[in-house]
Every structure is written in C-alpha cells, then in structure tokens.
Amino acid sequence: MSAAEPVFGRLLTAMVTPFAEDGSLDLEAARVLARHLVDDLGNDGLVVNGTTGESPTTTTEEKAALVRAVVDEVGDRARVVSGAGSYDTEHTVGLAEQMTEAGAHGLLVVTPYYSRPTQAGLVAHFTTVAERTRLPIMLYDIPHRAGTAIDTETFVRVAEHERVVAVKDAKGDPVASSEVIARTGLEWYSGDDAMTLPLLAVGAVGVVGTSTHFTGRGMAELIAAHGRGDVAGALDLHRRLLPVLTGVFATQGCSMVKAGLALQGYRVGGVRLPMVPATDEQREVFAGQLRGLGLL
C-alpha cells in the first residue's frame, strides 16, 4: 500500500441507483442506501453513476440530482465519485462539468466504448477531460465492456497529468497492473471484487466493489490485514468472502445487488431495460451465499 492515505480512500462501493415503483429516480432511497454503505459498512467513498448504477439509462439531470443527494447525505464523511464517461469526448467533458457543479469530489472516466479509439485517441481523450476539469480523475480500464484496453505506455503518458490520480482496474492482468503501478504511482483499485487480494499483492490500494454492498466490513478487514502484513489473515478473509464476491455477478451486478438489498429490507426498486431482474433461482442462490456469511 502507498504510505499516504489514497485520495479516494481504500474501500469504495459502486452504488446502485434506487428507482421508485414507477421507474423514476428515488432520491430518498438513495440517501438511505448511501448512509448505510458509509455508516454501517464503513465505505470510505461511493461511486455513483457507474455501470452498477445503470448510468446508460439515467439522464444527465438524474445523474446530477443523484450526486447532489448523496453528497448532501454523506459527503462530509465519504468521498463521492461520479461516473462521467462516454464514447464522446465533448459529452464526457460536459458530464464532468455538470457532476462537478453538483458537488462530486472526483470523476470516474471509462475508456470510450464502442468507437474503440486507438491508444493515441485514448491519450487525447483522457488528457482533454483532465485539462477541462478541476476534479481528480479515476480512469476505468474494462476492456471486456469497452472493447479497448488501456496499454501500459498509455497509462504512463496520461499519468503525467496532475489530475489523473487513480485507476479502477477490471482488466484481469495483474502483471501489467504491477508494471503500471511501479512506473506511475497511480493509486490502483480492483474493479473486480475477487481480484482485490491479488491486486493488493502487486501494489493496489483498495477496491471499487459491487459485492461490497454486502461485504463492506469484511473487505475493509481484508485490505487492512494485507496492509499490516497479515497475508494469511487476508487470504482467509478472501476465501470466506469469495462466494459473495463472485456470486453477485451470477447475473448483471445491478440486478443481483438490488435483489440482495431487497432481501435485507432496503427499498431500491427494479432495474431499467435492457437490464432485467434476477430470476427466482438466482435470488435464492445468492440469498444462500449471503446467509453463509451471516449477511441476511
């Protein structure tokens, strides 16, 4: 781990976006959930308007309203990072400006998807966004969704910008990650819950999780154990948490998280198409995994 406390903390959850019965944004439920994640589960920060937050199906106005509500509720004791990425650089800059105005503490900027730019295009995209915001940026490397991976040399070039400070890594290549961490000093977060311990081993500082809607306390203990050199203790926690770390992805993460939160009594509503709810069978399997950890 880095000697200084990371800009965004160590334990962050990619928060789902609660919807009311009619499908509209439920800001009161978002406040309740944000408070639970920070005060009960110990999150240092929350990422809103990400993929788990169903950002492809929320409007810019809804995104800004969600940021304002969450910052108002927990912004004095947790960092609130807002997704602001798209496949259009100017649109990304516009989102960054609006999320900044809404009070976000940082931005999550994903690799432009579908258009699949070259590495030179990625450098230009990320640098342009960084130049036109005053907030710290976490890059999001997720090639299985975006279609393009961020190469090591691209990370090295972009990391020269003072506002590019962190990476959410869902590439699944710890060797490449270790090289980038060593060469850039970027604060590295696992973007795949089950890869948290392997990435900590090569220099990551924490996780931006999905299962952490439920496993937050356990993941915080895992990160702390590894940080104080208790590798055996961290490994034991990893193995105990693993059924939930992976089980939350039996279907789309947002669908399974909402199913699990409903089982815990939280009002988060359904999902917007093209996402569909978890099936009864998927819910029952996940419920068993939560019960196995005493989380239900």
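Conventions adopted
Residues numbered from 1 in each chain as written. Predicted model: local features only at pLDDT ≥ 70, side-chain atom pairs only at ≥ 80, totals over all residues. Heavy atoms only, no water. Helix = DSSP H or I, 4+ residues; strand = E, 2+ residues; numbered from the N terminus. Expected span 1.5 Å × (residues − 1). Buried < 20%, exposed > 50% of the residue type's maximum accessible area, 1.4 Å probe, protein only. Contact = heavy atoms within 4.5 Å. UniProt positions renumbered as here; feature names shortened; annotations may be inferred. Pairing = 2+ DSSP bridges. Axes fitted to C-alpha atoms, helices over the stretch in contact; angles between N-to-C directions. Phe/Tyr/Trp six-rings, centres within 6.5 Å; stacked < 30°, edge-to-face > 60°. Core = buried A, V, L, I, M, F, W, Y, C linked by side-chain atoms within 4.5 Å. Salt bridge = Lys/Arg side-chain N within 4 Å of Asp/Glu carboxyl O. Parallel < 35°, antiparallel > 145°, perpendicular 65-115°, else oblique. Left-handed = near helix turned anticlockwise from the far one by under 90°. Nonpolar A, V, L, I, M, F, W, Y, C, P; charged D, E, K, R; others polar.

### Some points on helix H10 (residues 231-247)
Part 1 of the argument: Taking 1.5 Å as the rise per residue, H10 with 17 residues should run 24 Å; its terminal C-alpha atoms sit 24 Å apart, in good agreement.
Part 2 of the argument: Those residues of H10 not exposed but buried are Gly233, Ala234, Leu237, His238, Leu241, Val244, Leu245 and Gly247.
Part 3 of the argument: On its buried face, H10 sits against helix H8 (196-201), helix H9 (212-227), helix H11 (253-263) and helix H12 (280-292).

### Observations concerning the UniProt feature "active site" (unreviewed entry) in the protein
Part 1 of the argument: In the numbering used here, UniProt assigns the "active site" (unreviewed entry) feature to Tyr140 and Lys168. Across 29 residues of sequence, these annotated residues stay compact in space, with a maximum C-alpha separation of 4.7 Å.
Part 2 of the argument: Within the secondary structure layout, Tyr140 lies in strand S5 (residues 137-141).
Part 3 of the argument: The contact partners of Tyr140, leaving out residues within four places of it in the chain, are Thr51, Leu108, Val109, Val110, Thr111, Ile150, Lys168 and Ala170.
Part 4 of the argument: Its location among the elements puts Lys168 in strand S6 (residues 164-169).
Part 5 of the argument: Here Lys168 falls in the buried class, since its relative accessible area comes to 6%.
Part 6 of the argument: When sequence neighbours within four positions are dropped, the list of residues in contact with Lys168 reads Ala14, Leu108, Met138, Leu139, Tyr140, Asp141, Tyr189, Gly191 and Val208.

### Some points on the sheet that holds S6
Part 1 of the argument: The sheet built from eight strands closes into a barrel, its strands ordered S1-S2-S3-S4-S5-S6-S7-S8 with parallel pairing. The sheet shows a mean angle of 25° between the axes of neighbouring strands, taken without regard to direction.
Part 2 of the argument: One ladder, built from two bridges, connects strand S7 (residues 187-190) with strand S8 (residues 206-209); its direction is parallel. By the bridge assignment for S8, Tyr189 is matched with Gly206.

### Some details on the packing of aromatic side chains
Part 1 of the argument: One pass over the full model with this rule turns up three aromatic pairs.
Part 2 of the argument: Ring geometry for Tyr87 and Tyr113: centres 5.1 Å apart, planes at 55°, overall tilted. Of this pair, Tyr87 sits in the loop between strand S3 (79-83) and helix H3 (89-102) while Tyr113 sits in the loop between strand S4 (106-110) and helix H4 (119-131), placing them 26 residues apart in sequence.

### Considerations on the side chain of Thr154
Part 1 of the argument: By the element assignment, Thr154 lies in helix H6 (residues 152-158).
Part 2 of the argument: Judged by relative accessible area, Thr154 falls into the buried class, the value being 4%.
Part 3 of the argument: Leave out the neighbours within four places in its chain, and Thr154 touches Gln119, Leu122 and Val123.

### Details of the nonpolar core
Part 1 of the argument: Judged by nonpolar contacts, the single largest core of 71 residues is most densely connected at Met15, Val70 and Trp188.
Part 2 of the argument: No other element matches helix H2 (residues 60-74), which puts six residues into this core.
Part 3 of the argument: Once residues within four sequence positions are removed from consideration, Val70 is found in contact with Met15, Ala34, Leu46, Val48, Gly75 and Val80.
Part 4 of the argument: Membership of the second largest hydrophobic core comes to 16 residues, among which are Leu12, Met138, Val165 and Ala170.

### Looking at the pattern of salt bridges
Part 1 of the argument: Inspection of the entire model under this criterion finds 17 salt bridges.
Part 2 of the argument: Taking the shortest distance from any N to any O, the salt bridge between Asp76 and Arg77 comes out at 2.8 Å.
Part 3 of the argument: On the basis of relative accessibility, which here comes to 67%, the residue Asp76 falls in the exposed class.
Part 4 of the argument: One salt bridge in this structure joins Arg132 and Glu90, with 2.8 Å as the shortest N-O distance. With a gap of 42 residues between them, Arg132 in the loop between H4 and S5 and Glu90 in helix H3 connect regions that are remote in the sequence.
Part 5 of the argument: Each of Arg31, Arg35, Asp72 and Glu73 takes part in one network of salt bridges that share partners.

### Some details on the environment of Val129
Part 1 of the argument: Mapped onto the secondary structure, Val129 falls in helix H4.
Part 2 of the argument: Between the C-alpha atoms of Val129 and Ala194, which are 65 residues apart in sequence, the distance is 30 Å.
Part 3 of the argument: Leaving out residues up to four positions away in the same chain, Val129 has contacts with Thr92, Val93, Val109 and Ile137.

### Digging into the packing of H3 against H4
Part 1 of the argument: At a minimum axis separation of 10 Å, H3 and H4 run at an interaxial angle of 30°. Between H3 and H4, the crossing angle belongs to the class labelled roughly parallel. For the pair H3 and H4, the sense of crossing is right-handed. Listed contacts from H4 to Thr89, Thr92 and Val93 of H3 are His125, Thr128 and Val129.
Part 2 of the argument: For the contact of H3 with H4, the per-class residue count stands at two nonpolar, four polar and no charged.

### Digging into the pairing of S6
Part 1 of the argument: Across the six residues of S6, six count as buried, placing the element largely inside the fold.
Part 2 of the argument: Relative to S6, S5 runs parallel, the two being bridged by five bridges. Looking at the pairing, Leu139 lines up with Val167 of S6.
Part 3 of the argument: Here S6 pairs with S7 via four bridges, running parallel. When the bridges of S7 are listed, Asp169 appears paired with Ser190.

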